Amino acid sequence: MTLARVTLGGVVAVNLVILEIVFFAYGQGQHPVLTVAKFFGLHAAMIMMVQLTLVARIPWLDRRLGMDRLTAWHRWLGFGLFWTVMLHAAFVITGYATLYDMGFGETFLSLARVPAALLGMIAAGIMIVVVGVSIRYVRRRLPYETWHALHVLIYLALLAGLVHQFIEATTFSSVLATGYWWTLWTLVLGSLVINRFVVPVWRNAYHRFRVAAVVPEADNVVSVHVTGRHLDRLPARAGQFCIWRFPGHNRWWQANPFSLSAAPDGRSLRLTAKAAGATSAGLRQLKVGNRVFIEGPYGAFTNLHRKRDKTLLVAGGVGITPIRALLEESGGQTVVLYRAAKETDAVLLGELQGLAATRGAQVHLLTGRTGAGTPPNRPFDPANLHALVPDITEREVFVCGPPALTAAVVDSVRTIGVPNAQIHAERFGLG
Ligand SMILES: Cc1cc2nc3c(=O)[nH]c(=O)nc-3n(C[C@H](O)[C@H](O)[C@H](O)COP(=O)(O)OP(=O)(O)OC[C@H]3O[C@@H](n4cnc5c(N)ncnc54)[C@H](O)[C@@H]3O)c2cc1C
């Protein structure tokens, strides 16, 4: 993880240095305010490229940093991009208004008649919409698919912004600067197209995934077993998740992330889903033989970079899915803490206990309402956690569950003194 952070940070830093050189060499505008505008414009283009890199699903980054962390960075940088674009636009208008001694409204309208500027305005307008729907308050109130469809409009902004940058010739006023920008855009857009479109399409054509069985685990939980060709060649690990589409069952634009609830064995994959909405509730209607379209596997919630032999696995509710898969890969020195309101809610418990028995691992089921009783039931308070697992600081800790539970456990584990490098968390929510 540190290597990936340092590499990503290093690449961004080197490009920032090159960008400043390009700016000082060729960034002079017709007026000092327009020079400032160019500064923000060039930095907006650079931030856009970092943004795209974060969501390009580059396997090397994804397996080390995890999609949730990359998406969180993408979200925060998105707001940075928005303000950089707004500053660029404000300085452009102020610069031309000062240069030609015109009002702001008049300058805005006359710039709108210039194709390069108009494209920039379109890109900025789309960005305002996308940022507006990404504010947490708005986002929580929109169905995921609606938010996602609006978010995808950003590709239009990207196109308009790219052409704006190409026509706005100052960026490309030397062979060196032109070569640099073309190389950068080709690399970033190339990796995005390859990893997000070419690889998934190729992988699905090659493996031809199909539903092999649908097994109810509880009233509101179902497991879907999936087979396909040459599954031993699918680079999947216990703890990872895929983004699943069920053509014919759902609309083509509906895609949902579900973890692998069993370690991949080269012959089949399994997901286990709790009914949260229409897609997850409808999975029990899937028919054997239905085609499945998979993106991934993704995620850094794996044993790939572990530092310790001993493991603590903590699951909250349906967060048991990747934990169950990880237990299959773990040795005898493993402790599993499984939080559920009551024993009947603890799906896959039988499987978990069976696996633990064959591996010599311990499973503790932690039930009851949080805060109930005397002393109050708080199994993940630092003191309680430490009492349950006294050697916790010597363990690799994996936590998966709803975002609030995951955050609380990670906080407690840090308080007890487990180093960050030994803590791995998966939240069942992106962004
Ligand atoms: C990395 C990851 C792994 C997950 N693994 C599991 C698992 O193993 N088992 C399980 O039961 N659940 C898992 N989830 C949660 C699961 O993705 C959602 O419950 C499911 O997508 C809900 O979709 P729906 O259409 O049934 O419900 P909806 O009513 O459409 O959605 C309910 C909530 O789920 C979230 N959601 C919906 N679609 C998506 C999407 N495409 N991407 C991200 N979030 C979405 C939204 O925040 C929404 O508020 C996982 C989530 C993530 C991010």
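Above: the structure in question.
Residues numbered from 1 in each chain as written. Predicted model: local features only at pLDDT ≥ 70, side-chain atom pairs only at ≥ 80, totals over all residues. Heavy atoms only, no water.

Trainee: Help me understand the site of the ligand, please; the structure alone is not making it clear to me.
Mentor: The immediate surroundings of the ligand are formed by 20 residues, with Ala 255, Asn 256, Pro 257, Lys 274 and Ser 280 found nearest. Within the backbone of Ser 259, one N or O atom sits 3.1 Å away from an oxygen atom of the ligand. Within the backbone of Lys 274, a nitrogen or oxygen atom sits 2.7 Å from an oxygen atom of the ligand. Computed on the free molecule, the ligand has an accessible area of 880 Å², of which 79% lies beneath the protein chains in the complex. Those elements that place two or more of their residues in the shell around the ligand are strand E4 (256-259), strand E5 (268-274) and helix H11 (278-282). Among the elements that take part in the shell around the ligand, E4 stands out by supplying four residues, more than any other. Class assignment for the residues of the shell around the ligand results in 11 nonpolar, eight polar and one charged. (Near = heavy atom within 4 Å. Polar contact = N/O pair within 3.5 Å; in protein donor to acceptor, adjacent residues only side chain to side chain. Areas by Shrake-Rupley, 256 points an atom, 1.4 Å probe, with all protein chains shown as cover. Helix = DSSP H or I, 4+ residues; strand = E, 2+ residues; numbered from the N terminus. Nonpolar A, V, L, I, M, F, W, Y, C, P; charged D, E, K, R; others polar.)

Trainee: I tried to follow the environment of Ile 122 on my own but got confused; where do I start?
Mentor: Note on placement: Ile 122 falls in helix H6 (residues 115-134). Along the backbone, Ile 122 and Thr 334 are 212 residues apart, and their C-alpha atoms lie at a distance of 55 Å.

Trainee: Honestly, the side chain of Ser 280 in this entry has me stumped. Any pointers?
Mentor: Inspection of the secondary structure assignment puts Ser 280 in helix H11. Accessibility expressed as a relative area gives 8% for Ser 280, which makes it buried. Within polar-contact distance, the side chain of Ser 280 engages the backbone nitrogen of Gly 277 at 3.2 Å. Setting aside anything within four residues of it in sequence, one finds Ser 280 in contact with Phe 258, Ala 273, Lys 274 and Ala 275. (Buried < 20%, exposed > 50% of the residue type's maximum accessible area, 1.4 Å probe, protein only. Contact = heavy atoms within 4.5 Å.)

Trainee: Before we go on, may I ask you to explain the packing of helix H8 (residues 144-152) against helix H9 (residues 154-167) in this structure?
Mentor: For any two helices packed against each other, one specifies the crossing angle of their axes together with the interaxial distance. With their axes 4 Å apart at the nearest point, H8 and H9 run at an angle of 5 degrees to one another. Relative to H9, the element H8 lies roughly parallel. Contact with H8, carried on its side by Leu 150, His 151 and Val 152, involves Ile 154, Tyr 155 and Leu 156 of H9 and no other residues of that element. (Axes fitted to C-alpha atoms, helices over the stretch in contact; angles between N-to-C directions. Parallel < 35°, antiparallel > 145°, perpendicular 65-115°, else oblique.)

Trainee: What's the story with the layout of surface pockets in this structure? I'm lost.
Mentor: To find leftover empty space, a probe the size of one water molecule is rolled over the atoms. Taken as a whole, the second largest pocket holds about 1,000 Å³ of empty space. Counting residues per element, the ones that place at least two in the lining of the second largest pocket are helix H1 (2-26), helix H2 (32-54), helix H4 (67-99), helix H5 (104-111), H6 and H9. At nine residues, the largest contribution of residues to the lining of the second largest pocket is made by H6. Per-class residue counts for the lining of the second largest pocket are 29 nonpolar, 13 polar and two charged. (1 Å grid on protein atoms, 1.4 Å probe; cavity = no way out; pocket = protein on both sides within 12 Å on 5 of 7 lines; lining within 4 Å. Points joined across faces, edges and corners; volume = space filled by probe spheres on them.)

Trainee: Would you take a moment to explain the nonpolar core for this structure?
Mentor: As a rule of thumb, nonpolar side chains are buried together in soluble globular proteins. Core analysis: the largest hydrophobic core is formed by 32 residues, its most contacted members being Leu 81, Trp 181 and Trp 185. At the level of elements, H1, H2, H4, H6, H9 and helix H10 (175-207) are the ones that each hand at least two residues to this core. No other element matches H2, which puts eight residues into this core. Aside from chain neighbours lying at most four places away, what touches Trp 185 is Ala 45, Met 48, Met 49, Leu 52, Leu 158, Leu 162, Gln 165 and Gly 190. Counting 24 residues, the second largest nonpolar core, distinct from the first, contains Val 221, Ala 315, Tyr 338 and Ala 356. (Core = buried A, V, L, I, M, F, W, Y, C linked by side-chain atoms within 4.5 Å.)

Trainee: Where do I start with the packing of aromatic side chains in this structure?
Mentor: Two aromatic rings are characterised by how far apart their centres lie and by the angle between their planes. Enumeration over the complete set of coordinates arrives at 13 aromatic pairs. Centroid distance Phe 82 to Trp 83: 5.0 Å. Interplanar angle 75 degrees. Geometry classified as edge-to-face. Accessibility expressed as a relative area gives 11% for Phe 82, which makes it buried. Between Trp 202 and Tyr 206, the ring centres sit 5.0 Å apart and the planes meet at 10 degrees, which makes this aromatic pair stacked. (Phe/Tyr/Trp six-rings, centres within 6.5 Å; stacked < 30°, edge-to-face > 60°.)

Trainee: Got a minute to help me understand the sheet that holds strand E2 (residues 221-227) in this structure?
Mentor: The strands making up a sheet associate through backbone hydrogen bonding, with each pair oriented either parallel or antiparallel. Spatial strand order, E1-E2-E5: three strands in an open sheet with antiparallel pairing. The open sheet terminates on both sides in strands that have one partner only, identified here as strand E1 (210-218) and E5. Here the average twist between neighbouring strands, direction ignored, is 20 degrees. Pairing analysis gives seven bridges linking E1 to E2, with the strands arranged antiparallel. Across the sheet, Arg 210 pairs through a bridge with Thr 227, a residue of E2. (Pairing = 2+ DSSP bridges.)

Trainee: When you look at H4 in this model, what are you seeing that I'm missing?
Mentor: The α-helix advances 3.6 residues per turn, and as a result positions three or four apart in sequence lie on the same side. For H4, spanning 33 residues, the distance from its first C-alpha to its last is 46 Å, which sits close to the expected 48 Å at 1.5 Å a residue. Once H4 ends, the next one or two residues include Asp 101, with phi positive near 55 degrees. (Expected span 1.5 Å × (residues − 1).)

Trainee: In this structure, what is going on with the packing of H4 against H5? I would like to understand it.
Mentor: H5 packs onto H4 with a crossing angle of 105 degrees between their chain directions and a minimal axis gap of 9 Å. Taken together, H4 and H5 sit at an angle that is classed as roughly perpendicular. Counted together, Val 92, Ile 93, Thr 94, Tyr 96 and Ala 97 of H4 and Phe 104, Thr 107, Phe 108 and Leu 111 of H5 form the full contact between these two elements. Of the residues contributing to the contact of H4 with H5, the split by class is seven nonpolar, two polar and no charged.

Trainee: Just to check I follow, could you spell out unusual backbone geometry for this structure?
Mentor: A negative phi holds for most residues other than glycine; trans holds for most peptide bonds. For the bond from Gly 296 to Pro 297, the omega torsion is 0 degrees, close enough to zero to count as cis. With respect to the helices and strands, Pro 297 occurs in strand E6 (residues 293-298). One non-glycine residue with positive phi stands out, namely Asp 101, at about 55 degrees. Tracing the sequence through the fold places Asp 101 in the loop between H4 and H5. Although it is not a glycine, Leu 348 adopts a positive phi angle of roughly 65 degrees. Tracing the backbone shows Leu 348 in the loop between strand E8 (334-339) and helix H13 (349-359). Of the residues examined, Leu 348 reaches a relative accessible area of 6% and is grouped as buried.

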